[in-house]
Amino acid sequence: MAGDQFGVQLRELATMEQDWRSLSARLEQLSRRLGQIQSTLTRATAVDLAAGGLAGTPGFGIALQVLDDVRQIREATERLQADKDRLIQEITQDADKIKAVRAEYEATEKKIADDLERQQRPTPPVPEPQQPAEPGGHRDGTDGTGGTDGGTETSAARIPVSAVTYGGAGSWQGGQAACEDYIDQALDELGITDPQARVDWMRGMLTIASRESAYNSPNYQVNKTDSNAVGAMMPDDAPAQSSRGGWQCIPSTFAAYHQPGTSTDIYDPVANCAASMNYLMSRYQVSRDGSNLAAQVQQADPNRPPHGY
């Protein structure tokens, strides 16, 4: 319904703009005709030269009256010319306003369509973003929940830890909507297309992002204080093994579970999320369809308290 209303408005605006353009064309024609009249009147002022010879004759007063009439017509013509120029300028400004309003309607219509599409996507409710007291981050060993290597086979391809880069700190958007988009892209990278599987992964990974980094908030994209924060200082001014990114990977885990085709920047949220998903499948036996994600990983379960993973 909204799209139809916007369509009507746009058609009305297009008609208005066409009317303005037609009026502008007519004024241009008037301008040319006034120019011709003005030229004729200019030649008529030659009478002024002959007027001196008419002094003292019966027609002298008439000649003077004609000259005065010519002068008044010329002045009126000049005023009309000025009014025409002003109107043309106003018409151009109004046309620009119409274009701006049309662009605004089109942008609004697109936003409504995008919002409707997003609302139709099955995204289960997730917890409100929390201020992470101490995000768990990925660790090389078990975190006490029984996780071990040797779980679900993944498409991860290990890269050297030295290949991990750190240039994206603070440059990625935060918030739930942004994280939903990052998770969608990570699922695409992993080739997970089943709708229900994407719903299960979306729920769990959003819960983790909320608890680990307040949805990739710039204030929580790197943890310099937990037990992982050891080692030499890196280009992002954080210790080498600090947890980083929306899902708080440490560099060794990010490198071990790196998803081919994604960035080597640990702060890149798509690469960070994909590596985290590979890690969860490998270490905690989470199935590729994500159906047991909440059961296997407490940090991904919105119905249980936060717990490092």
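Calculation notes
- Residues numbered from 1 in each chain as written.
- Predicted model: local features only at pLDDT ≥ 70, side-chain atom pairs only at ≥ 80, totals over all residues.
- Heavy atoms only, no water.
- Core = buried A, V, L, I, M, F, W, Y, C linked by side-chain atoms within 4.5 Å.
- Buried < 20%, exposed > 50% of the residue type's maximum accessible area, 1.4 Å probe, protein only.
- Helix = DSSP H or I, 4+ residues; strand = E, 2+ residues; numbered from the N terminus.
- Contact = heavy atoms within 4.5 Å.
- Axes fitted to C-alpha atoms, helices over the stretch in contact; angles between N-to-C directions.
- Parallel < 35°, antiparallel > 145°, perpendicular 65-115°, else oblique.
- Left-handed = near helix turned anticlockwise from the far one by under 90°.
- Nonpolar A, V, L, I, M, F, W, Y, C, P; charged D, E, K, R; others polar.
- Expected span 1.5 Å × (residues − 1).
- Polar contact = N/O pair within 3.5 Å; in protein donor to acceptor, adjacent residues only side chain to side chain.
- Salt bridge = Lys/Arg side-chain N within 4 Å of Asp/Glu carboxyl O.

Q: Looking at this structure, I do not really get the nonpolar core. What am I missing?
A: Within soluble globular proteins, side chains that are nonpolar tend to cluster in buried spots. Membership of the largest hydrophobic core comes to 32 residues, with the highest contact counts inside it found for W201, M205, W247, M277 and L280. Looking at this core, the elements that each hand over two or more residues are α4 (176-190), α5 (195-213) and α7 (269-284). The leading source of residues in this core is α7, at eight residues. Once residues within four sequence positions are removed from consideration, L280 is found in contact with W201, M205, I208, Q285, V286, L293, V297 and Y309. With 10 residues, the next largest nonpolar core counts I159, Y166, I266 and A275 among its residues.

Q: Please explain the side chain of Q221 as it appears in this structure.
A: For Q221, the position within the fold is in the loop between α5 and β1 (222-223). Excluding its chain neighbours within four sequence positions, the residues that come into contact with Q221 are A169, G170, W172, N216, S243, R244, G245, Q248 and Y267.

Q: Looking at this structure, I do not really get the packing of α4 against α5. What am I missing?
A: Helix-helix packing is described using two parameters, namely the angle between the two axes and the distance between the axes. Where α4 meets α5, the axes come as close as 10 Å, and the angle between the chain directions of the two elements is 130°. In this view, α4 runs oblique relative to α5, as classed from their interaxial angle. The chirality of how α4 crosses α5 is right-handed. The segment α4 lies against α5, with Q176, C179, E180, I183, D184, L187 and D188 engaging R198, W201, M202, M205, L206 and A209. Class assignment for the residues of the contact of α4 with α5 results in eight nonpolar, one polar and four charged.

Q: It is not clear to me how α5 should be interpreted in this structure. Could you clarify?
A: For the α-helix, the turn length of 3.6 residues means that residues three or four positions removed from each other point alike. For α5, with 19 residues, the first-to-last C-alpha span of 26 Å sits near the 27 Å given by 1.5 Å per residue. Among the 19 residues of α5, 16 are classified as buried, and the element is accordingly described as predominantly covered. A distance of 3.2 Å separates the backbone nitrogen of Q196 from a side-chain oxygen at the start of α5, and that oxygen is part of D194. Just downstream of α5 lies A214, where phi reads positive at about 50°.

Q: Could you clarify how one ought to interpret the pattern of salt bridges in this entry?
A: A pair can form between side chains of opposite charge whenever their charged atoms are brought close. Throughout the structure, instances matching the rule amount to five salt bridges. The closest approach of N and O atoms between D200 and R203, which form a salt bridge, is 3.3 Å. Of this pair, D200 and R203 are both found in helix α5, three residues apart, which corresponds to roughly one turn of the helix. For R203, a relative accessible area of 28% translates into the label partly exposed. Across the salt bridge formed by D236 and R244, the nearest N and O atoms sit 2.6 Å from each other. One connected set of salt bridges, linked through shared partners, spans D184, D188 and R198.

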